[in-house]
Amino acid sequence: MNRQKAGERTDDAPAPQENPEAAARWRDALRDHAREIIQGARGSREGEDTHGVISPDLGPLARDALEIVEAFALGSRELAQSRPIDLNEFSARLQIVLAGIEGELARRQAAVIPEREQPHVIQGELWQVLRKTRESADLAYAREFDLAELDRRILFLLASQGPLVPADVSAGVGVDKAQVSRAVKRLLEMGAIEREQIRAPLRLTDEGKRLSQRLIRLAELRHRELTFDIGEEELEDFVDMIEILLERAVTLYEQERDLAQTAGKNGKTAEPVDHRRVDRVVIERGRIISVLMTLSAYSSRSGALAFRRLTGLSNFEAFVLYEVGKHPPIGWTPLVQALERDHSQAGRTITNLVERGLVEREGRPGRRHGRFFPSQEGSRLWHMIDEAGRERSAFLLAPLDAEQRSRFMRTFDKIRRNAAAQLERERAFAELEN
């Protein structure tokens with residue numbers, strides 16, 4: 001992976017989204033530089049300091065912008081040899097030059113941002129959709145069943161695939177063996193599953209089959225709601241592409257797990273991981289939410305290892321820092337809305353990032369006041385997170401051609417719309433019951 005220092009950008013990297021503070025920063029720096037040139041306080045060769053100031057905001061446009069302003073200022077200084085300098089006239093004309101630079105910046109951003117943002121859909125938007133479906137599922141199932149989400153997923157898997165050894169259950173749900181072991185223990189204690197010995201295949205008991213059938217009836221209803229307006233062929237095509245992405249996600253996870261293991265052997269702090277190879281992934285093609293959750297699980301597990309390896313941050317800490325640095329400075333309310341987490345969890349993470357010197361706050365004191373932006377070190381980590389996210393997403397999407405990606409996104413948008421409607425309905429039911 002090619003690393004960049006904070007503030008540096010490659011020639012083909014797009015300029016970041018502009019905000020009013022950023023616009024004032026690069027405009028003021030170029031305006032001051034031009035005035036110093038025309039007043040003879042400095043020459044164009046001393047412009048590297050200015051370039052360092054404007055580069056984070058203008059990206060690859062920074063060098064051209066600096067040279068344009070310097071040429072304008074030097075030309076105005078030469079004209080001043082024949083007549084006095086009118087600083088007001090100079091400032092007005094400089095304003096036209098800066099407006100032209102701003103227009104070019106906007107044009108470049110409009111051309112590249114949609115293309116650049118798309119790779120993050122697989123990891124970012126998938127997580128957002130699944131959060132909605134999980135919340136609505138918890139509300140729906142809680143009215144009839146007292147089961148954790150993972151317990152339900154294991155029952156669904158055994159009902160659709162038959163007896164499975166714990167390793168295949170772990171691979172099928174995309175969850176580590178320790179979590180699966182705890183869920184298996186709960187299901188054994190309630191008499192829903194059984195096995196002959198510790199490593200023998202798990203199978204449903206008669207009670208487990210009756211429970212599974214009740215769960216499946218509700219799951220089929222939710223599946224029909226999530227796939228509303230999606231034809232059978234379209235859905236089959238979507239699941240086929242999910243399986244392709246899932247294979248790539250498993251590969252990413254195994255690569256990151258191997259890197260973590262290597263770090264441990266070299267004496268570095270390594271993330272504890274399950275070193276068993278994922279030989280096969282058994283999925284439930286009959287329910288769209290199942291395959292999406294398995295894909296998300298492997299993507300999240302590899303992402304957690306990658307961000308920990310690169311930045312020392314947890315998966316959620318990296319997510320929060322990324323949202324803070326995407327369009328800084330960001331207020332508390334839009335930040336919490338972007339994270340789609342409760343205020344307490346977001347608040348604890350923001351406080352931790354501030355204490356570690358990665359995020360700074362401006363405005364009134366208190367985590368729910370003012371606005372947040374990354375520090376210099378936070379900006380450096382933000383670029384690493386952004387680059388790693390794009391590389392990971394590009395790897396996941398590589399097997400899909402442009403037409404397949406377009407079909408994938410059309411279907412995904414329908415599922416996202418249906419998931420939002422499903423959640424609002426379940427919330428309304430919960431309010432009525434309370």
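The rules we used
Residues numbered from 1 in each chain as written. Predicted model: local features only at pLDDT ≥ 70, side-chain atom pairs only at ≥ 80, totals over all residues. Heavy atoms only, no water. Helix = DSSP H or I, 4+ residues; strand = E, 2+ residues; numbered from the N terminus. Buried < 20%, exposed > 50% of the residue type's maximum accessible area, 1.4 Å probe, protein only. Areas by Shrake-Rupley, 256 points an atom, 1.4 Å probe, with all protein chains shown as cover. Phe/Tyr/Trp six-rings, centres within 6.5 Å; stacked < 30°, edge-to-face > 60°. Lys NZ or Arg CZ within 6 Å of the ring centre and 35° of its normal. Expected span 1.5 Å × (residues − 1). Axes fitted to C-alpha atoms, helices over the stretch in contact; angles between N-to-C directions. Parallel < 35°, antiparallel > 145°, perpendicular 65-115°, else oblique. Contact = heavy atoms within 4.5 Å. Nonpolar A, V, L, I, M, F, W, Y, C, P; charged D, E, K, R; others polar. Core = buried A, V, L, I, M, F, W, Y, C linked by side-chain atoms within 4.5 Å. Polar contact = N/O pair within 3.5 Å; in protein donor to acceptor, adjacent residues only side chain to side chain. Pairing = 2+ DSSP bridges. Salt bridge = Lys/Arg side-chain N within 4 Å of Asp/Glu carboxyl O.

Draft legend 1. Geometry of the overall build of the chain. Along the backbone of the chain there are 16 helices and five strands. Within the chain, buried positions represent 45% of all 434 residues. Within the structure as shown, the chain displays about 22200 Å² of accessible surface, and the carbon and sulfur contribution to it stands at 49%.

Draft legend 2. Summary view of the packing of aromatic side chains. Considering all chains together, one arrives at eight aromatic pairs under this definition. An angle of 10 degrees between the planes, with centres 6.2 Å apart, marks the rings of Phe408 and Phe412 as stacked. Taken together, the residues span about one helical turn, with Phe408 and Phe412 both in helix 16 (residues 402–433) at a distance of four residues. For the pair Phe408 and Phe412, one class covers both residues: buried. Linked through ring pairs, Tyr141, Phe145 and Phe156 together constitute an aromatic cluster. The ring of Phe395 has Arg248 lying over it, and the distance from NZ or CZ to the ring centre is 3.8 Å.

Draft legend 3. Expanded view of helix 11 (residues 288–311). For helix 11, built from 24 residues, the straight-helix expectation of 34 Å at 1.5 Å per residue is met to within 8% by its first-to-last C-alpha distance of 34 Å. The element helix 11 is largely enclosed, with a buried count of 20 among its 24 residues. Of the residues trailing helix 11, Gly312 is marked for its positive phi of about 80 degrees.

Draft legend 4. Focus on the packing of helix 9 (residues 206–226) against helix 16. It is the contact of helix 9 with helix 16, at a shortest axis distance of 8 Å, that shows an interaxial angle of 130 degrees. Taken together, the axes of helix 9 and helix 16 lie oblique to each other. Residues Arg222, Glu225 and Leu226 of helix 9 touch helix 16, and the partners they reach there are Ile415, Asn418, Ala419, Gln422, Arg425 and Glu426. For the contact of helix 9 with helix 16, the residue count by class is three nonpolar, two polar and four charged.

Draft legend 5. Seen up close, the packing of helix 6 (residues 149–161) against helix 9. At a minimum axis distance of 10 Å, the contact between helix 6 and helix 9 shows a crossing angle of 100 degrees. Overall, the two elements helix 6 and helix 9 adopt an arrangement that is roughly perpendicular. Along the contact surface, helix 6 presents Arg152, Leu155, Phe156 and Ala159, while helix 9 presents Leu211, Ser212, Leu215, Ile216 and Ala219. Of the residues in the contact of helix 6 with helix 9, the class split is seven nonpolar, one polar and one charged.

Draft legend 6. Structural view of the nonpolar core. In this structure, Phe238, Ile288, Leu292 and Phe408 are the most contacted members of the largest nonpolar core, which totals 34 residues. Elements represented by at least two residues in this core include exactly helix 5 (124–142), helix 10 (232–265), helix 11, helix 15 (376–397) and helix 16. Here this core takes twelve residues from helix 10, the largest share from any one element. One finds Leu321, Trp332, Leu358 and Leu381 within the second-largest nonpolar core, a separate group that totals 27 residues.

Draft legend 7. Geometry of helix 16. Across its 32 residues, helix 16 extends 47 Å between first and last C-alpha, which sits within 8% of the 46 Å expected from 1.5 Å per residue. Taken as a whole, helix 16 has its buried residues at Gln404, Phe408, Met409, Thr411, Phe412, Ile415, Asn418, Ala419, Gln422, Leu423, Glu426 and Ala430. By the N-cap criterion, in which a side-chain oxygen at the helix start approaches the backbone nitrogen of a residue two or three places on, helix 16 is capped by Asp401, the distance to Glu403 being 3.2 Å.

Draft legend 8. Main features of the sheet that holds strand 3 (residues 330–331). On the basis of which strands lie adjacent, the open sheet formed by three strands has the order 3-5-4 and antiparallel pairing. Either end of the sheet is taken by a strand with one partner, and the two such strands are strand 3 and strand 4 (359–362). Pairing between strand 3 and strand 5 (residues 371–374): two bridges, direction antiparallel. Bridge pairing links Ile330 to Phe372 in strand 5. Against the sheet, helix 12 (residues 315–326) contacts strand 3, strand 4 and strand 5, and its axis sits at roughly 105 degrees relative to strand 5.

Draft legend 9. The pattern of salt bridges, seen in detail. In total, this model carries 23 salt bridges according to the counting rule given. For the salt bridge of Lys326 with Glu323, the shortest nitrogen-to-oxygen distance reads 3.5 Å. Here Glu323 and Lys326 lie together in helix 12, a separation of three residues that amounts to about one turn. Looking at Glu323, the relative accessible area reads 11%, which means it is buried. Notably, a salt bridge pairs Arg427 with Glu424, separated by 3.3 Å at the nearest N-O pair. You can see Arg427 and its partner Glu424 sitting in helix 16, three residues apart, about one turn around the helix.

Draft legend 10. Structural detail: the side chain of Thr311. Turning to its location among the elements, Thr311 is positioned in helix 11. The exposure class of Thr311 is buried, given its relative accessible area of 14%. One polar contact links the side chain of Thr311 to the main-chain amide nitrogen of Leu313, over a distance of 3.2 Å. What Thr311 contacts, discounting residues up to four positions off in sequence, is Leu381, Met384 and Ile385.

Draft legend 11. Examining the environment of Leu397 more closely. Note that Leu397 resides in helix 15. Judged by its relative accessible area of 6%, Leu397 falls in the buried class. For the pair Leu397 and Ala249, spaced 148 residues apart in sequence, the C-alpha separation works out to 9.9 Å.

Draft legend 12. Structural view of the side chain of Ser302. Tracing the sequence through the fold places Ser302 in helix 11. Those residues within four positions of Ser302 in sequence are excluded, and the remaining contacts are Leu252, Tyr253, Glu256 and Arg392.

Draft legend 13. Highlighting the environment of Ala192. Locating Ala192 in the fold gives a position in the loop between helix 8 (177–189) and strand 1 (193–194). Residue Ala192 is classed as buried on the basis of its relative accessible area of 1%. Sequence-wise, Ala192 and Leu204 are twelve residues apart; in three dimensions their C-alpha atoms are separated by 6.0 Å. Contacts of Ala192, omitting those with residues within four sequence positions, involve Leu155, Leu187, Arg203, Leu204, Thr205 and Gly208.

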